[in-house]
Amino acid sequence: MKERAKSVLLCLLVLCSLILTGQLWFGRHSEETMAEDSYEPAFFEETRPLEQMILPRRIYVFQEGRCYQARRGGPIFNLFWGELSGMLQEIGGPEYYHDKEGLPPEAELFLSLRFEPLLPLGPESIWLKDEHNGKLAGIQAWRFGERCWIELEEIGSEVRLLLLPPGWGEKLAEFHDRFTPQPAQACELLPEGMWKLTAEVTVSIDTPLYVPTAVRSMDQLSLKPESLDRELLLNTFFIDRHLVREIKEKDGSLIYTDGEQGLRLGSGLEYSHPRPGQKGTVPTYTAALLKAGKEISYHGGWPDNLYLEDFYEQEQGKDAPGGYGARWRSYHSGFPLMGDSAVEMDYYHSLQSYRRNLYEPVDQSGGRMKVRGYRQALKAALLILETEETAPLTLEEMDLGYYFTGSKAIPVWIIRLGGRELLLKTDELIPPEGWEQ
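Model, not experiment: these values are computed from the prediction.

## Quick notes on the overall build of the protein chain
Next, step 1: Along its length, the protein chain carries eight helices and 24 strands.
Next, step 2: Within the span of the protein chain, comprising 437 residues, buried residues form 45% of the whole.
Next, step 3: In the form shown here, the protein chain has an accessible surface area of approximately 24,200 Å², with 51% of it arising from carbon and sulfur atoms.

## A word on the pairing of strand β13 (residues 254-257)
Next, step 1: Here strand β12 (residues 245-248) pairs with β13 via four bridges, running antiparallel. Paired with E246 across the bridge in β13 is Y256.
Next, step 2: Between the antiparallel neighbours β12 and β13 lie five residues, among them G252 with a positive phi of about 95°.
Next, step 3: As paired strands, β13 and strand β14 (residues 262-266) are joined by four bridges and run antiparallel to one another. Opposite Y256, over in β14, you have L263 as the bridge partner.
Next, step 4: Between the antiparallel neighbours β13 and β14 lie four residues, among them G259 with a positive phi of about 95°.

## Quick word on the packing of aromatic side chains
Next, step 1: For the structure on display, the rule yields 17 aromatic pairs.
Next, step 2: Aromatic pair W195 and Y374: ring centres 6.1 Å apart, planes at 20°, arrangement stacked. Here Y374 lies in helix α8 (residues 374-384) and W195 lies in strand β8 (residues 193-196), a separation of 179 residues in the sequence. For the pair shown, W195 and Y374 are each scored as buried.
Next, step 3: Relative to Y331, the ring of Y307 lies with its centre 5.3 Å away and its plane at 85°, an arrangement referred to as edge-to-face. Taken together, the residues Y307 in strand β16 (residues 306-314) and Y331 in strand β17 (residues 323-332) connect sequence positions 24 residues apart.
Next, step 4: An aromatic cluster is present here, built from Y285, F311, Y324 and Y347 joined pairwise through their rings.
Next, step 5: R72 extends its terminal NZ or CZ atom over the ring of Y331, reaching a point 5.1 Å from the ring centre.
Next, step 6: A cation over a ring is seen here: R143 above F110, with NZ or CZ 5.7 Å from the ring centre.

## Quick notes on the confidence of the model for the protein chain
Next, step 1: Here the protein chain shows a mean pLDDT of 87. Residues at 70 or above account for 86%.
Next, step 2: The model gives residues 20-38 a pLDDT under 50, and that stretch makes three contacts with residues more than four places away or in other chains.

## Looking at the side chain of H273
Next, step 1: Along the chain, H273 turns up in the loop between β15 (268-272) and α7 (285-298).
Next, step 2: The class for H273 is buried, based on a relative accessible area of 9%.
Next, step 3: In this structure the side chain of H273 is engaged in a polar contact, spanning 3.4 Å, whose partner is the side chain of Y271.

## Comments concerning unusual backbone geometry
Next, step 1: Between E116 and the following residue, P117, the backbone shows a cis peptide bond with an omega angle of 5°.
Next, step 2: Mapped onto the elements of the fold, P117 is located in strand β3 (residues 108-121).
Next, step 3: Located in the positive-phi region is E64, a residue other than glycine, with phi close to 55°.
Next, step 4: As for its position among the elements, E64 is in the loop between β1 (58-63) and β2 (66-70).
Next, step 5: The class for E64 is exposed, based on a relative accessible area of 79%.
Next, step 6: We note that L128 has phi near 45°; this positive angle belongs to a residue other than glycine.
Next, step 7: With respect to the helices and strands, the residue L128 is situated in the loop between β3 and β4 (134-144).

## Some details on the sheet that holds strand β10 (residues 209-212)
Next, step 1: Pairing is antiparallel in the open sheet, where eight strands are placed in the order β6-β5-β4-β3-β1-β2-β7-β10. With partners counted over all chains shown, the strands left at the sheet margins are β6 (160-163) and β10, one partner each. On average, each strand axis in the sheet is inclined to that of its neighbour by 30°, with strand direction left out of account.
Next, step 2: Judged from the four bridges that link them, strand β7 (residues 186-190) and β10 form a sheet pairing that is antiparallel. Bridge pairing in β10 links L189 to Y210.

Scoring rules and cut-offs
Residues numbered from 1 in each chain as written. Predicted model: local features only at pLDDT ≥ 70, side-chain atom pairs only at ≥ 80, totals over all residues. Heavy atoms only, no water. Helix = DSSP H or I, 4+ residues; strand = E, 2+ residues; numbered from the N terminus. Buried < 20%, exposed > 50% of the residue type's maximum accessible area, 1.4 Å probe, protein only. Areas by Shrake-Rupley, 256 points an atom, 1.4 Å probe, with all protein chains shown as cover. Pairing = 2+ DSSP bridges. Phe/Tyr/Trp six-rings, centres within 6.5 Å; stacked < 30°, edge-to-face > 60°. Lys NZ or Arg CZ within 6 Å of the ring centre and 35° of its normal. pLDDT = per-residue confidence, 0-100. Contact = heavy atoms within 4.5 Å. Polar contact = N/O pair within 3.5 Å; in protein donor to acceptor, adjacent residues only side chain to side chain. Axes fitted to C-alpha atoms, helices over the stretch in contact; angles between N-to-C directions.

Written out as structure tokens, the structure reads:
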């Protein structure tokens, strides 16, 4: 009996040994491994499609010899761009639409779009997918009778003229005929060449410019900092929160770091993760655009009034790996918000730096401010930029916008003249407080 009990006990011991050995080899993972395996990426919103990332910088509508600007975010802007974007996505082979005869002399320009950043074309894009990889700077639409054409201004290529199929042309012409301009949308063309502002003052214009002429007053805006979920924000940057240390600064700002990357939360946010010596193929223009859109969607999201304003490839140097840079800017009622309010990032295959400082409008109005004419504004700018040069300065851009200071945003003239940018209050035509040249 004792021998039998010993045999049973021995069998049980052997069985337990096999079970424990099996658990060591194939059983439960450590808590650390489980936490790593179960990690799910944190983000504020899904990445936006390309057609919502790249929009025209400006859309001009021409009617009865006059020009009107459809500003970003407005229904007319969305209507025309939505229609033209859909056409460019459906065009399979542009060569089938190419019109070798050219525009008839009677054709009238009725729509003009300018892209900055440039619109990507080709297999990686959604526009003109059968084309080679290219970049579009502008589109112009013409009509004569029942026919409509579009001119494509592609970087590094000749301007191409496409005759639109009847259905597309009729729809575009119908949108134009239904357009009812508002007085404040009126613009004036400043043609290329030497432009005499007064008998003594002359400026040079290298590219034709459209300047708003009928805006008499603009709202002052009351703004507040955007509110972001701090815990979610931290999770979008740091995978293992156990390694993150929190440091509180004297001004109340918080710094988070895991020894490799750092995040500062105070007035907005600043993130840095320098990665010297990165190697590999630089992403294509379209791939880099999509990467930028993914980063901003993940790290704070993309408000509806925020637009991609600048996008560029960085030069590769001894201490710089190259890559891309991007900047977003807020718009209010179609006017850009200047000053310390933007989203900026530098990245290669991964994010290197990210700065975000955005503001949201408060319901209450800050009152209205008078807008003096563009000629007066340009004279004031020239007086501020008095130089010893005898050659006329080149006027590169002139538009209305807002400048953020304190908790207010005031209307300003934005003037790029001779390679420099000036902001002038629309009523007094002097630089706003806090702005430096």
